[in-house]
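Descriptive structure summary
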Amino acid sequence: MRLPAASPGGVDIALVGVPFDGGTTNRTGPRHGPREIRNQSSLCRRVHHVSLTSPFDLLRVADCGDSPVNPVDKEESLAAITGFFEQIRDAGAVPLTAGGDHLITLPVLRGLHKGSPRALIHFDAHTDTYDEIFGTKYNHGTPFRRAVEEGLLDPERMIQIGLRGAISHGTNYDWARDVGIRLVFIEELRKRGLADVMAEAKALVGADETYVSFDIDVIDPAYAPGTGTPEIGGITSFEAQSLVRMLSGVNIVGADVVEVSPPLDPSGITALTGATMMFELLCVMAEGMAAKKAD
């Protein structure tokens, strides 16, 4: 977004990248997401055309670089990412992150943790609440199960929106339902409408500190093909923008856009979509944080 580079100290919202895809189970490439999202974000302008919000005039926003990772050592990468976000937390900045595969959300939540589990609004085609895949408990299909088990998230204040696609076993959703996670499949979203579902999401999290995670594969691959696990029958890019705009008023303490895989979309449209969704999130976050400062 043509922002200055800075350390998180003295910054209100820190835009950061996590160039890691060691948690992918099939098609890799999200490690290149932060670089290409940055490239495409140069097309973003200053003022939101609907809300007229200019986040850069409301708050101090900067590009605070990328988390360190070890591309051949998953455990070392998880520890390094956690440490990076601990520094952001301790500096008092709120992170808006470009992934990276969805496993990165786990160390982000670890790094931001302050003792109490937080609420979650999660846009995705998949729940990412498996216990393990291919014998490993740490991959992009398991982060939210681990986050609940570690006390980072409160499952009864979690909602996952846009779910769809064939599953490997009929019990795949049982754990999530059993612990109280609210699952909203694409069929329900279509039937009820975006506004009704988002009203439920906002009521569920209330005024609590909330993390927002946006997997690009919630969008139909007709609009965002560059992702590792595409599922047809998703939302449009405009519907994605609309859903994020409806987050206005939510107490967002961090957010991410993940699973953008530039090698799978040489046109760059998926990375542009990712950058645009980050701008949408940035506007909502800036509005809320500026309002709190004014109070």
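Below you will find a few notes about this structure.

Rules of the game
Residues numbered from 1 in each chain as written. Predicted model: local features only at pLDDT ≥ 70, side-chain atom pairs only at ≥ 80, totals over all residues. Heavy atoms only, no water. Axes fitted to C-alpha atoms, helices over the stretch in contact; angles between N-to-C directions. Helix = DSSP H or I, 4+ residues; strand = E, 2+ residues; numbered from the N terminus. Parallel < 35°, antiparallel > 145°, perpendicular 65-115°, else oblique. Contact = heavy atoms within 4.5 Å. Nonpolar A, V, L, I, M, F, W, Y, C, P; charged D, E, K, R; others polar. Salt bridge = Lys/Arg side-chain N within 4 Å of Asp/Glu carboxyl O. Buried < 20%, exposed > 50% of the residue type's maximum accessible area, 1.4 Å probe, protein only. Pairing = 2+ DSSP bridges.

Some words on the packing of helix α1 (residues 33-41) against helix α10 (residues 269-294)
Remark: α1 packs on α10, axes separated minimally by 8 Å, with the N-to-C direction vectors making an angle of 75 degrees. Regarding the angle of α1 to α10, the classification is roughly perpendicular. Across the interface between the two elements, E36, I37, Q40 and S41 from α1 touch A271, L272, A275 and M278 from α10. Here the contact of α1 with α10 is built from residues that sort into five nonpolar, two polar and one charged.

Quick word on the pattern of salt bridges
Side chains that differ in charge, positive against negative, can pair when their charged atoms come close. All chains considered together, the criterion is met by 23 salt bridges. A salt bridge links D90 to R89, with the nearest nitrogen and oxygen atoms 3.0 Å apart. For D90, a relative accessible area of 59% gives the class exposed. The class of R89 is partly exposed, set by a relative accessible area of 23%. The residue E200 makes a salt bridge to R192 at a minimum N-O spacing of 2.8 Å.

Points about the sheet that holds strand β7 (residues 210-215)
Taking strand neighbours across the sheet as the criterion, the eight strands line up as β2-β1-β3-β8-β7-β4-β5-β6 in an open arrangement whose pairing is parallel. Unpaired on one side and paired on the other, β2 (61-66) and β6 (182-185) mark the two borders of the sheet. Each strand of the sheet is rotated relative to its neighbour by a mean of 15 degrees, with strand direction disregarded. Pairing of strand β3 (residues 94-99) with strand β8 (residues 252-258), which is carried by three bridges, proceeds in the parallel orientation. Among the inter-strand pairings, L96 is bridged to a residue of β8, identified as A255. α1 rests against β1 (13-18), β2 and β3 of the sheet, and its axis sits at about 105 degrees to β3.

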